[in-house]
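So the chains spell out like this:
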Amino acid sequence: MTVETGMRGSATLVVEQVDTASAMRSGDVDVLGTPRLIALCEEATMTALNGALDADHCSIGMRIRVDHLQPTPVGASVTADAVLDKIDGRRLTFTVSVSDSGGLVAAGKITRAVVDRSTFLDKCCSA
């Protein structure tokens, strides 16, 4: 496993109707929904870690603190950027920011934990 502070990743999305707050039932307006914005931020953190973990390990979302500051309409492109700022044992903390053509849309921190894949999956309840 080779994880170092400063690792960067990004993810871009063109907002579609399925990405809106009204479609996700997290609001009643046709702009980028916060749940989709957070998923885009998590995608950026995963991009930053691409190839850094061995096949037996994965990272899982643990803590999300994001301020959604501005709306993004359907049809607009939005990009999330993530930078690995802190490594504390198995915990990896990223600073994330999201921008569209109007500027900053969201900013915050996402913490992911590195876990053994099979041990983690063994903890799942039965379906």
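Note: the structure precedes this text.
Given the structure is predicted, the values throughout are model-derived calculations rather than measurements.

Draft legend 1. Just the side chain of Thr72, in detail. Looking at the secondary structure, you find Thr72 in the loop between strand S2 (57-68) and strand S3 (77-88). Among the polar contacts listed, one links the side chain of Thr72 to the side chain of Asp100, at a separation of 2.8 Å. With near-sequence residues (within four places) excluded, Thr72 lies in contact with Val15, Val31, Leu32, Val78, Asp100 and Val105.

Draft legend 2. Structural view of the pairing of strand S1 (residues 8-14). Every second residue of S1 is oriented toward a common face, the buried set being Gly9, Ala11 and Leu13 and the non-buried set Arg8, Ser10, Thr12 and Val14. In this sheet, S3 lies alongside S1 in antiparallel orientation, the contact comprising seven bridges. When the sheet's bridge partners are listed, Leu13 is paired in S3 with Val78.

Draft legend 3. Representation of the pattern of salt bridges within the structure. This model, assessed by the stated rule, comprises three salt bridges. Residue Asp85 is joined to Lys109 by a salt bridge in which the shortest nitrogen-to-oxygen separation is 3.3 Å. Here Asp85, found in strand S3, pairs with Lys109, found in strand S5 (residues 103-116); they are 24 residues apart in sequence, far enough to count as distant. By relative accessible area, Asp85 is classed as partly exposed at 38%.

Draft legend 4. The arrangement of the sheet that holds S1 in detail. Spatially, five strands are ordered S1-S3-S4-S5-S2 in an open sheet, and the strand pairing comes out antiparallel. Looking at which strands have only one partner, the edges of the open sheet turn out to be S1 and S2. Each strand of the sheet is rotated relative to its neighbour by a mean of 25°, with strand direction disregarded. Sheet topology places S3 next to strand S4 (residues 91-100); nine bridges connect them, and they run antiparallel. Residue pairing across strands places Asp88 opposite Arg91, the latter belonging to S4. Sheet contacts for helix H2 (residues 34-49): S1, S2, S3, S4 and S5; angle to S1, the most-contacted strand, approximately 145°.

About the criteria used
- Residues numbered from 1 in each chain as written.
- Predicted model: local features only at pLDDT ≥ 70, side-chain atom pairs only at ≥ 80, totals over all residues.
- Heavy atoms only, no water.
- Helix = DSSP H or I, 4+ residues; strand = E, 2+ residues; numbered from the N terminus.
- Polar contact = N/O pair within 3.5 Å; in protein donor to acceptor, adjacent residues only side chain to side chain.
- Contact = heavy atoms within 4.5 Å.
- Buried < 20%, exposed > 50% of the residue type's maximum accessible area, 1.4 Å probe, protein only.
- Pairing = 2+ DSSP bridges.
- Salt bridge = Lys/Arg side-chain N within 4 Å of Asp/Glu carboxyl O.
- Axes fitted to C-alpha atoms, helices over the stretch in contact; angles between N-to-C directions.

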